[in-house]
Every structure is written in structure tokens, then in C-alpha cells.
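Examination of the molecular architecture
Next come the chains, spelled out residue by residue.
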Amino acid sequence: SQTIHQWPATLVQPVGSPLSLECTVEGTSNPNLYWYRQAAGRGLQLLFYSVGIGQISSEVPQNLSASRPQDRQFILSSKKLLLSDSGFYLCAWSRDRGRDFYGYTFGSGTRLTVV
Amino acid sequence: EDQVTQSPEALRLQEGESSSLNCSYTVSGLRGLFWYRQDPGKGPEFLFTLYSAGEEKEKERLKATLTKKESFLHITAPKPEDSATYLCAVQAGPGGSYIPTFGRGTSLIVHP
């Protein structure tokens, strides 16, 4: 069966510090991978998605970046965190090809607090 | 632009008091509508996918229905463990982005 791992679960970082959140998927190959941010009362905001190694699409311009160094690994990074980067970050994968989409499987999330 | 509106934002029920959550959507051709459950501090958990008007799906005390403009998540005789935020998302049809658009969710609290 497929599983998705996301870590760390919680993170407190000072303003201006770097960030690296990691997500890995097991039990499937060539998944589509996504990074979402969820702010209280604002729903899920898509940040990045990737359909393959080295292929990253950005949905929202900001000081975050994403990378996919391996087929089942997705990394969210920042060189300098802002207070506004605080939030709940979710990684997800989907098994979809073209017109067929079978829904997301989400990770357990990372609560990031920038202080 | 695809839009998803969920109502109410919050709902408080007594155990056993049945009710419905609403998800209204505007999309250029619906490919799929998804319901998720999210517990505090955790990632959303997939519940249902609905593809066409008239379709219904059930899981334990939950039943999801779909029309051309909205979906309902009916909760029958809820229990405290049904307390969670329920998210709705829609995926556009041909020519649209395959990335689903999410609503803001309905926070459900079931009191014993």
C-alpha cells in the first residue's frame, strides 16, 4: 500500500532563518506531488506541484521554493523565513495521468511557526 | 474561475441530531467532486469522490450526494467522533486545470 511521510511535525523558526521540509512517498512510482499551505479559516492554498523529477510548477510567487531530487521525494525550502510564512504545510500525492484524477492522499502536515 | 463555497462555516450538533453540510460550486464542466475529513493538526483524509449529478455514496453515518450545482454531506445520527472539519473540492472538466479547487471547510462539533 502507498504511504506518505512528512516531517517534522512541528517547527519553530526565527525570522530570516532557512527552511527545509521533506516529504516522501512509498509504494508507488512517478506520483504527482504537491505542497499546500493551510492558514486558519482560509482553506488550502496550493504552493507547488510536480509531475516528475526536476519538474516544479509554482502557483503562488513568494519566498518559498520546491525541489524534487528523486521520484518520490519532494522538498519545500526557503532561504529566509518571514512571519507570514507561518502556517500548516501539507504534502500530498495523487495518482493521475492526464484526464484521470483519483484524489489526493495527504501527509500528516507540518505546523510551522515563525517567530 | 472555479469556485467552491461551503456552508455553514461551523456547525454544532447534539449526538444523534442528523444534519447536512453544503458545498456549492461553479466550475466549467465538473470532472469530480471530493469530500475530505480533517482532524485538528492532521492532514485531510479522503472520504468520497462523486462524478456526476445524481450520484450518491455512503460510508458509515455519512452520505454524499451531488447535483449540477452543489453537493451535500448528510450526517445521520452523528457521534462525537464525527467532530472534524469537512472539506469539499472540485476538479474542472476538459480544458480546465486538473488541480482541484478547495472550499474553506465546515467545522463540525458533535456534543455528547
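Check the entry above for the structure.
The shown structure was predicted, so the numbers you read here are calculated from the model rather than taken from an experiment. (Residues numbered from 1 in each chain as written. Chains lettered and ligands numbered in written order. Predicted model: local features only at pLDDT ≥ 70, side-chain atom pairs only at ≥ 80, totals over all residues. Heavy atoms only, no water.)

Moving on, we come to the sheet that holds strand S1 (residues 3–7) of chain B. Residues and elements named next belong to chain B. The strand order S1-S3-S8-S7-S6 describes an open sheet built from five strands, whose pairing is antiparallel. Bordering the open sheet on either side are S1 and strand S6 (56–59), each of which pairs with just one other strand. Recorded for the sheet is a direction-independent mean angle of 15° between the axes of neighbouring strands. Relative to strand S7 (residues 62–66), S6 is paired through four bridges, and the arrangement is antiparallel. What sits directly across from Glu56, in S7, is Thr65. (Pairing = 2+ DSSP bridges. Helix = DSSP H or I, 4+ residues; strand = E, 2+ residues; numbered from the N terminus. Axes fitted to C-alpha atoms, helices over the stretch in contact; angles between N-to-C directions.)

All names here are of chain A. One pass over the structure, following the stated rule, counts six salt bridges over all chains. A salt bridge links Arg37 to Asp85; the nearest nitrogen and oxygen atoms lie 3.8 Å apart. With Arg37 in strand S4 (residues 32–39) and Asp85 in the loop between strand S8 (73–78) and strand S9 (87–94), the pair connects residues that are 48 residues apart, well separated along the chain. The class for Asp85 is buried, based on a relative accessible area of 3%. (Salt bridge = Lys/Arg side-chain N within 4 Å of Asp/Glu carboxyl O. Buried < 20%, exposed > 50% of the residue type's maximum accessible area, 1.4 Å probe, protein only.)

A separate point is the interface of chain A and chain B. Across the boundary between the two partners, chain A contributes 22 residues, which contact 18 residues of chain B. Of the roughly 1,500 Å² buried where chain A meets chain B, counting both sides, 59% is carbon and sulfur surface. At the junction of chain A and chain B, the tally comes to zero salt bridges. The interface formed by chain A and chain B holds two residue pairs in polar contact (both at pLDDT 80 or more) in total. The set of elements that each furnish at least two residues to the side of chain A that touches chain B consists of S4, strand S5 (43–52), S9 and strand S10 (104–106) of chain A. Considered class by class, the residues forming the side of chain A that touches chain B number 11 nonpolar, eight polar and three charged. (Contact = heavy atoms within 4.5 Å. Buried area = accessible area lost by both parts, 1.4 Å probe. Polar contact = N/O pair within 3.5 Å; in protein donor to acceptor, adjacent residues only side chain to side chain. Nonpolar A, V, L, I, M, F, W, Y, C, P; charged D, E, K, R; others polar.)

Before going further, it helps to examine the state of the cysteines. All names here are of chain A. Scanning the model with the defined rule gives two disulfides over all chains in all. Between Cys23 and Cys91 runs a disulfide, and the two sulfur atoms are separated by 2.0 Å. Between Cys23 and Cys91, the S-S torsion sits near -75°, and that sign places the bridge as left-handed. Residue Cys23 is found in strand S3 (residues 19–26), and its partner Cys91 is found in strand S9; the two are separated by 68 residues along the sequence. Using a relative accessible area of 0% as the deciding quantity, one classes Cys91 as buried. (Disulfide = S-S within 2.5 Å.)

With 24 residues, the main nonpolar core has Leu33, Trp35, Leu73 and Tyr86 of chain B as its most contacted residues. Sorting the residues of this core by element identifies strand S2 (10–14), strand S3 (19–26), strand S4 (30–38), strand S5 (45–50), S7, strand S8 (70–75), strand S9 (84–92) and strand S11 (106–111) of chain B as the ones contributing at least two each. Ranked by the residues each element gives to this core, the list is headed by S9 of chain B, at five residues. Membership of the second largest hydrophobic core comes to 20 residues, among which are Cys23, Leu64, Ala66 and Trp93 of chain A. (Core = buried A, V, L, I, M, F, W, Y, C linked by side-chain atoms within 4.5 Å.)

A word on the environment of Ala40 of chain A. Within the fold, Ala40 of chain A resides in the loop between S4 and S5. In this structure the C-alpha to C-alpha distance between Ala40 of chain A and Gly87 of chain A, which are 47 residues apart in sequence, comes to 7.9 Å.

Let's shift gears to the pairing of S3 of chain B. All names here are of chain B. The pairing of S1 with S3 spans five bridges and is classified as antiparallel. Within S3, the residue paired with Gln6 across the bridge is Cys23. Bridge count between S3 and S8: six bridges; the pairing is antiparallel. Bridging from a neighbouring strand, Leu21 pairs with Leu73 of S8.

Per the stated rule, a full pass over the model turns up 12 aromatic pairs over all chains. Centre to centre, the rings of Tyr36 of chain A and Tyr104 of chain A are 5.6 Å apart; their planes meet at 75°, and the pair counts as edge-to-face. With Tyr36 of chain A in strand S4 and Tyr104 of chain A in strand S10, the pair connects residues that are 68 residues apart, well separated along the chain. Looking at Tyr104 of chain A, the relative accessible area reads 2%, which means it is buried. Ring pairs connect the aromatic residues Tyr34, Tyr36, Tyr49, Tyr104 and Phe106 of chain A together with Tyr36, Phe46 and Phe102 of chain B, which therefore count as one cluster. (Phe/Tyr/Trp six-rings, centres within 6.5 Å; stacked < 30°, edge-to-face > 60°.)

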